[in-house]
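Tertiary structure, described
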Amino acid sequence: MTDEYEHYEAIVVGCGPGGAAAAARLADHGVETLVLERGTEAGSKNVSGGLIYGEESAPYTLADLFDGFREEATERPVTDYYIHNVAGNKVKTYDLTDLHEHDTDWCDAVLRREMDSWLERRVHEKTSETGGGVLTNVRVNGLLEDDGEIVGVTCDELEPITADLIVAADGVNSELAREAGLMDWEEPEEWFQGVKAVVDVDPDAIDDRFDIGSDEGAAHLFSGDLFDDVRGGGFLYTNEDSLSIGTVFHLDSLLEREAEPHELLDALLTHPLLAGWFGNEYDEREYAAKLVPDSKKAAHREPYRDRLVLVGDAAGQMQAQGPIIKGMNHAVTAGALAADAFAVTRGNADPAAAGRRYTKLLEDSGTMAKLRPRRYDLARTVGEREAVTSAVERVLESPLGSLAVGNPIADRLLERAYNSPLLVSMLPDTKTGYVSLPTLIAEEHGKTIHWESEIEPPTLEERIGDLTYDTDVGNPHIELLDQSLDASGAAVTACPVSAEDFGGGCYRSEAVKTNGTEETLVSLDTQPCVECGTCAVVADTEWEHPRGGKGVEYREG
Amino acid sequence: MIEGHSHVNNGHIPTGVFMRSIVLTKGVPDFSEGAVSFDEEGHLERGKTPTVMNPNDEFALQAALQTKIRHGGHVSGMSMGPPGYAEVLQGAMETVYTDDSYLLSDRELAASDTWATAITLSAGLETYQEEVADIDIVFAGFKTADGETGQTGPQTCWAMDWPIVTHVVALDIDPDERTLRAKRLVEGDVDEIETVEAPLPCFVVTDPEFEPTYRTASQRLTRKRLRAETEERAADHEEYLTTWDHADLNLDPDYIGLDGSPTIVSSVDPIPKAPSEREATMLDPDAGDGMGEVLEEIQPYAAEAGD
Ligand SMILES: Cc1cc2nc3c(=O)[nH]c(=O)nc-3n(C[C@H](O)[C@H](O)[C@H](O)COP(=O)(O)OP(=O)(O)OC[C@H]3O[C@@H](n4cnc5c(N)ncnc54)[C@H](O)[C@@H]3O)c2cc1C
Ligand code: SF4
């Protein structure tokens, strides 16, 4: 039955770091590989904070797979690394260089449009040599099945295509992983939401204000009381001629606090600590947002079904190592390993042979242990339980708590603790780790900042206005299934381009009178959507990505 | 590694079939704002107005490209005009990846009307068949942005004695049967579409509604490869350009240029109705009736030509 379809040996869906690594490695093995990317160019749909790690222990890094990657596709290498504990105007800064350098061969800041489009060109060159290539503006919209077995993909723009291997490197909110029944979009606890601004700053001013050379870069993290008790933190990374500044929060915590993501970002942007780095000028190039899976909870231990393998965010392989976020590097490792697995099982009659081998390679290379440490599963059961949390919280709030944290020895110990990869990876995801402790540290040890910030970030309306969209008129990619406040109301605040009392966003709630009774209903307009994926989890929707080339187009990422 | 090499074609790129197409393009003054230049009396200053490709030829080129991508083959751009029209052909190469260009250019050809142009173009096609290769399809756009007569295509076709399909919005070719199936607008009406069939070789006049479709990955990869290859080729366009003058074309100067042009433009007001907007049915050159219709269509101009 499937004979009539076009066939490639391997199909890779998505040309982010995971897809690029998989495709490059497949081409190295001589496999005829077709890469399908929905963006008009790779990177036009993608967002990251921006630090890509080359881990010493990783079997593959982008620099191994692509000659010239660091010279041509990245911004600045990170040479300085700090965390700032903030309590009001008091800030206590720790040098995190030790933690940052642990297992780090290299680490560069990146902007995704530039990085991914560079990768796309290299991948096209490589895959063309083995009979395939990269096609952009093509959205895969489903799996092709034959008698219940996955044999290929279906697309909005092309006829169905079959393949011996299908790599779902389609990122967070992977439609393929969901259709295969491997991932769901149900639990807010399994996700972070990342929001980011790219701010224009002159390269000389960056060197000057961060006290770095033109081939050096700085990374700053922020935690404490500036985010309205929402669990998460902020980051600032230096690019060649811009700054990437953003926030990453636990999605369940955002919902609990009914926080507005853009306001939390603004809280960081307008903190006096950052004022000096802007030089009282603020020129935002781009506002962006995306969901981020939490590998500790979401990484699939057996990410395959039939000929389909999941790599990167699609498989939940995004590691939040305390304040350090590692998604891109693991996507690269996983993509390359999936390709290797296919190469050694090529010709095997069992369609799932590659997937099984890939799973084993993830284990054997130690990747799965980083992504989903078993010790975390243990720590979580104790540490996250509400009762324990509040007990610890009460201690911290007590005079005893500040005494414990506040003495000079504690200060040194704390800095060391922050730099311990083991402790950091075990820090349970509670308010304690993100908010209470940093706040206390700042109160006890922090220096007070005596100036104000005069920065005025753009409004949500201005941010949406500055983005580039190719709207698929009359063909919205998200359908709101349940308009009730109960089912979908959370999206009004959690959607990064919507807000309570803002009519120009995606989600809004309005009081509607029917038969004399007044009811508040939620409505949706997908035009300003930045495809972050949040409402797929927090609202009752039928959620898809737009057709190839349609929707938002990031220029920075 | 022989294994690896067999993947390069993998049956995705059609082999064994080869369609040779010619696209007729024309340069027109650039009417876009800022580019166009008029003298004090409001007459168009051709010399000062840049020349661009007739916008409607774009659709003919797209149709030719689709044929090449789907079936493999070769596309030549052909234009008649002053040496400056080479740029138009170069533009065609850049946008739709023609393989080479043929410019019919001669001072004797200046001031040709549509009739003389048609004679010259058909001489160009004849010469091409003799010196280069047999042609399967000739594509032409619909109306030029300046003359707006829409006659050149049908007239050239008549001169070649091939069937013609006009107002084409979609195209399918069966290279084995050597037939072409086209969806065309009936009376230029977007709501009324008919499907017609014609034997090759034939003439295709595309409608601005023409949309190429590439529904397989291999077609899209081929298009991408052609684009990359063309970038180099277009930069070096002269290498791929052949210019033919009236001697090369074996044309008697009496029948071409101003002398061979029966049409005298007295005023630019009454734009003759394009023949293709009339009842343009599919014509089979073998069936005498069909050709009779073409002759009828062309009759007024042919009669004038004899005056
Ligand atoms: C604010 C923020 C900060 C972050 N900070 C960091 C950081 O500092 N360091 C780090 O390593 N990671 C960071 N991450 C995480 C990182 O961005 C991801 O883990 C990483 O991008 C995952 O790579 P991937 O290849 O799996 O998926 P992606 O990079 O998301 O690529 C998926 C690709 O698939 C395409 N696609 C999706 N669906 C389809 C479809 N149906 N058909 C065709 N194509 C499709 C997309 O267009 C995209 O190009 C951050 C994320 C955010 C949001
Ligand atoms: S509508 Fe949904 S996917 Fe789009 S930006 Fe808002 S939350 Fe994200």
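Residues numbered from 1 in each chain as written. Chains lettered and ligands numbered in written order. Predicted model: local features only at pLDDT ≥ 70, side-chain atom pairs only at ≥ 80, totals over all residues. Heavy atoms only, no water.

**So, the overall build of chain A**
Test applied: Secondary structure is summarised from DSSP: a helix means a run of H or I of at least four residues, a strand means a run of E of at least two, and numbering begins at the N terminus for each. Any two residues having at least one pair of non-hydrogen atoms within 4.5 Å are treated as being in contact. For accessible areas, the Shrake-Rupley method is used with a probe of radius 1.4 Å. Any residue's cover is judged against the shown protein chains and nothing else.
Broken down by element type, chain A carries 24 helices and 26 strands. Here the C-alpha coordinates of chain A stretch approximately 75 × 65 × 50 Å along the principal axes. By sequence separation, contacts in chain A at least 24 residues apart represent 76% of the contacts at least 6 residues apart. Carbon and sulfur atoms make up 45% of the accessible area of chain A, which totals about 20,900 Å².

**Here we look at the domain arrangement of chain A**
Residue and element names in this part refer to chain A. Put simply, the rule reads: Domain start and stop points were drawn from an automatic or database domain assignment. Basic side-chain nitrogens of Lys or Arg form a salt bridge, by our definition, when they fall within 4 Å of a carboxyl oxygen of Asp or Glu.
Segmentation of chain A into domains returns domain 1 (2–74 + 110–183 + 300–372), domain 2 (76–108 + 185–296 + 430–466), domain 3 (375–429) and domain 4 (471–553). Spacing between the C-alpha centres of domain 1 and domain 2 amounts to 29 Å. Every contact between the two is made by 37 residues of domain 1 and, on the other side, 37 residues of domain 2. On inspection of domain 1 and its partner domain 2, the count reaches 1 salt bridge.

**Digging into a negative patch on the surface**
Put simply, the rule is: Put simply, a patch holds well-exposed residues, over 30% relative accessible area, that have no salt bridge, with like charges counted together within 9 Å and Val, Leu, Ile, Met, Phe, Trp or Tyr side chains within 5 Å. Charge assignment: positive for Lys and Arg, negative for Asp and Glu; neither His nor the chain ends contribute. Charge placement uses NZ in Lys and CZ in Arg. For Asp and Glu, CG and CD serve respectively. Throughout, exposure labels follow a simple rule: accessible area from a 1.4 Å probe, protein chains only, divided by the maximum for the residue type, with under 20% read as buried, over 50% as exposed, and the rest as partly exposed.
There is a patch of like negative charges on the surface, built from Asp202(A), Asp204(A), Asp208(A), Asp211(A), Asp215(A) and Glu216(A). Take Asp202(A): its relative accessible area is 46%, and that puts it in the partly exposed class.

**Quick look at the packing of aromatic side chains**
Operational definition: Between rings of Phe, Tyr and Trp, where Trp is taken as its six-membered ring, a pair exists when centres lie within 6.5 Å; planes separated by under 30 degrees are stacked, by over 60 edge-to-face, and by other angles tilted. Charge over a ring is defined by NZ of Lys or CZ of Arg lying within 6 Å of the ring centre and within 35 degrees of the ring normal.
In total, this model carries 11 aromatic pairs over all chains according to the counting rule given. Considering the side-chain rings of Tyr102(B) and Tyr128(B), the 5.0 Å spacing of their centres and the 80° angle between planes classify their relative orientation as edge-to-face. On the criterion of sequence distance, the pair formed by Tyr102(B) in strand β5 (residues 100–104) and Tyr128(B) in helix α4 (residues 114–131) is long-range, its members being 26 residues apart. The exposure class assigned to Tyr128(B) is buried, which follows from its relative accessible area of 0%. Chaining the aromatic ring pairs together yields one cluster made of Phe66(A), Phe69(A), Trp106(A) and Trp118(A). The ring of Trp118(A) is capped by Arg122(A), whose NZ or CZ atom sits 4.9 Å from the centre of that ring. Across from the ring centre of Phe66(A), 5.4 Å away, lies the NZ or CZ of Lys126(A), which sits over that ring.

**A closer look at the packing of helix α12 (residues 328–345) of chain A against helix α13 (residues 353–364) of chain A**
All names here are of chain A. Heads up, the condition is: To get an axis, a line is fitted to the C-alpha atoms, and for a helix only the part in contact is used. The angle between two axes follows their N-to-C directions and goes from 0 to 180 degrees. Each angle is binned into one of four classes, with values under 35 degrees roughly parallel, values over 145 roughly antiparallel, values of 65 to 115 roughly perpendicular, and all other values oblique. What makes a crossing left-handed is the near helix being turned counterclockwise from the far one by less than a right angle; a clockwise turn instead makes it right-handed. Residues are grouped as follows: Ala, Val, Leu, Ile, Met, Phe, Trp, Tyr, Cys and Pro are nonpolar; Asp, Glu, Lys and Arg are charged; all remaining types, including Gly, are polar.
Closest axis-to-axis distance for the α12/α13 pair is 8 Å, and the angle between their directions is 130°. Considering their axes alone, α12 and α13 lie oblique with respect to each other. Helix-helix and strand crossings are classified by hand; for α12 and α13 the assignment is right-handed. Contacts between α12 and α13 involve Ala334, Leu337, Ala338, Asp340, Ala341, Phe342, Val344 and Thr345 from the former and Ala353, Ala354, Arg357, Tyr358, Leu361 and Leu362 from the latter. Taken together, the residues of the contact of α12 with α13 sort by class into 11 nonpolar, 1 polar and 2 charged.

**Describing the interface of chain B and chain A**
In plain terms, the rule: As a working definition, buried area equals the accessible area (1.4 Å probe) given up by two parts on being put together, with both sides summed.
Each partner contributes residues to the interface: chain B has 12 residues there, and chain A has 24 residues. Across the chain B to chain A interface the summed buried area is about 1,400 Å²; carbon plus sulfur atoms make up 52%. Seen at the junction of chain B and chain A, the total is 2 salt bridges. We note a salt bridge from Arg215(B) to Glu159(A), for which the minimum N-O separation is 3.1 Å. Only α1 (2–9) and α6 (217–235) of chain B provide two or more residues apiece to the side of chain B that touches chain A. Of the residues belonging to the side of chain B that touches chain A, the class tally is 4 nonpolar, 5 polar and 3 charged.

**Side note on the pairing of strand β2 (residues 33–36) of chain A**
Residues and elements named next belong to chain A. We count it as follows: Two strands form a pair only when DSSP identifies at least two bridges running between them. When the strands point away from the viewer and the path from the first strand over the helix to the second turns clockwise, the crossover is right-handed.
Burial along β2 is two-sided: the face carrying Thr33 and Val35 and the face carrying Leu34 and Leu36 are both buried. In terms of strand pairing, strand β1 (residues 6–13) meets β2 through 4 bridges, oriented parallel. The partner of Ile11 across the bridge, within β2, is Leu34. In this fold, β1 hands off to helix α1 (residues 17–28), which returns the chain to β2; that crossover is right-handed. Pairing of β2 with strand β7 (residues 133–135) involves 3 bridges; the strand directions are parallel. Bridge assignment links Leu34 to a residue of β7, and that residue is Gly133.

**A word on the side chain of Ser295(A)**
All names here are of chain A. For clarity, the threshold we go by: Polar contact criterion, stated in full: a pair of N or O atoms within 3.5 Å, where within protein one must be able to donate a hydrogen and the other to accept it, and residues adjacent in sequence count only if both atoms are side-chain atoms.
Tracing the chain through its elements places Ser295 in helix α11 (residues 295–298). From its side chain, Ser295 meets the backbone oxygen of Leu371 in a polar contact 2.6 Å long. Residues contacting Ser295, with those up to four places away along its chain left out, are Gly316, Gln317, Met318, Gln319, Leu371 and Arg372.

**Overview of α12(A)**
Residue and element names in this part refer to chain A. This is how it is decided: Given the number of residues in a helix, its expected span is that number minus one, multiplied by 1.5 Å.
In this model, α12 (18 residues) spans 26 Å end to end at C-alpha, consistent with the 26 Å of a helix rising 1.5 Å per residue. In terms of burial, α12 is largely enclosed, as 16 of its 18 residues are buried. Of the residues one or two after α12, Gly347 is the one with positive phi, at around 90°.

**Topic: the environment of His84(A)**
All names here are of chain A. Among the secondary structure elements, His84 is positioned in strand β4 (residues 80–87). Its relative accessible area of 4% is what places His84 among the buried residues. Here the alpha-carbon distance between His84 and Gly446, two residues 362 residues apart in the chain, equals 9.3 Å. A distance of 2.8 Å separates polar atoms of two side chains, one belonging to His84 and the other to His220.

**Here we look at the nonpolar core**
All names here are of chain A. Note the threshold: Residues enter a nonpolar core if they are buried and are Ala, Val, Leu, Ile, Met, Phe, Trp, Tyr or Cys, with the set joined through side-chain atoms within 4.5 Å.
The biggest cluster of nonpolar side chains holds 68 residues, and the ones touching the most others in it are Ile245, Leu274, Phe278, Tyr507 and Val530. Residues from two domains meet in this core; each of domain 2 (76–108 + 185–296 + 430–466) and domain 4 (471–553) gives at least three. With 48 residues, the next largest nonpolar core counts Leu26, Phe66, Val311 and Ala338 among its residues.

**Section: the sheet that holds strand β12 (residues 218–224) of chain A**
Residues and elements named next belong to chain A. The sheet built from 8 strands is open, its strands ordered β15-β11-β14-β13-β12-β4-β5-β20 with mixed pairing. Each end of this open sheet is capped by a strand with a single partner; those strands are β15 (284–293) and β20 (447–448). In terms of strand pairing, β12 meets strand β13 (residues 232–238) through 4 bridges, oriented antiparallel. Within β13, the position partnered with His220 by the bridge is Leu236. Running over the sheet, helix α9 (residues 261–269) touches β11 (191–200), β12, β13, β14 (242–250) and β15 and is turned about 130° from β14. Along the sheet, helix α20 (residues 431–445) makes contact with β4, β5 (90–95), β11, β12, β13, β14 and β20, crossing β4 at roughly 85°.

**Focus: the site of ligand 1**
All names here are of chain A. How we decide: Think of it this way: one heavy atom of a residue within 4 Å of a molecule or strand is enough to make that residue near it. Cavities and pockets are defined on a 1 Å grid built over the protein atoms alone: a cavity is a set of grid points where a 1.4 Å probe fits but cannot escape, while a pocket is an open set with protein on both sides within 12 Å along at least five of seven lines, and lining residues are those with an atom within 4 Å of any such point. Each molecule is checked against the cavity or pocket grid, and it sits inside if more than half of its atoms lie within 2 Å of the grid points.
In the region of ligand 1, 35 residues are neighbours, and Glu37, Gly49, Leu51, Arg112 and Asp313 sit closest. Taking Gly18, its main chain carries an N or O atom lying 2.8 Å from an oxygen atom of ligand 1. Within the backbone of Val47, one N or O atom sits 3.2 Å away from an oxygen atom of ligand 1. Contact with the protein chains covers 98% of the free accessible surface of ligand 1, which is 1,000 Å². When atoms are counted within 2 Å of each cavity's grid points, the one that captures over half of ligand 1 is the largest cavity. Elements that contribute at least two residues to the shell around ligand 1 include exactly α1, β11, β15, β19 (324–326) and α12. When grouped by side-chain class, the residues that make up the shell around ligand 1 number 15 nonpolar, 11 polar and 9 charged. Taken together, domain 1 (2–74 + 110–183 + 300–372) and domain 2 (76–108 + 185–296 + 430–466) each give at least three residues to the shell around ligand 1, which thus spans both.

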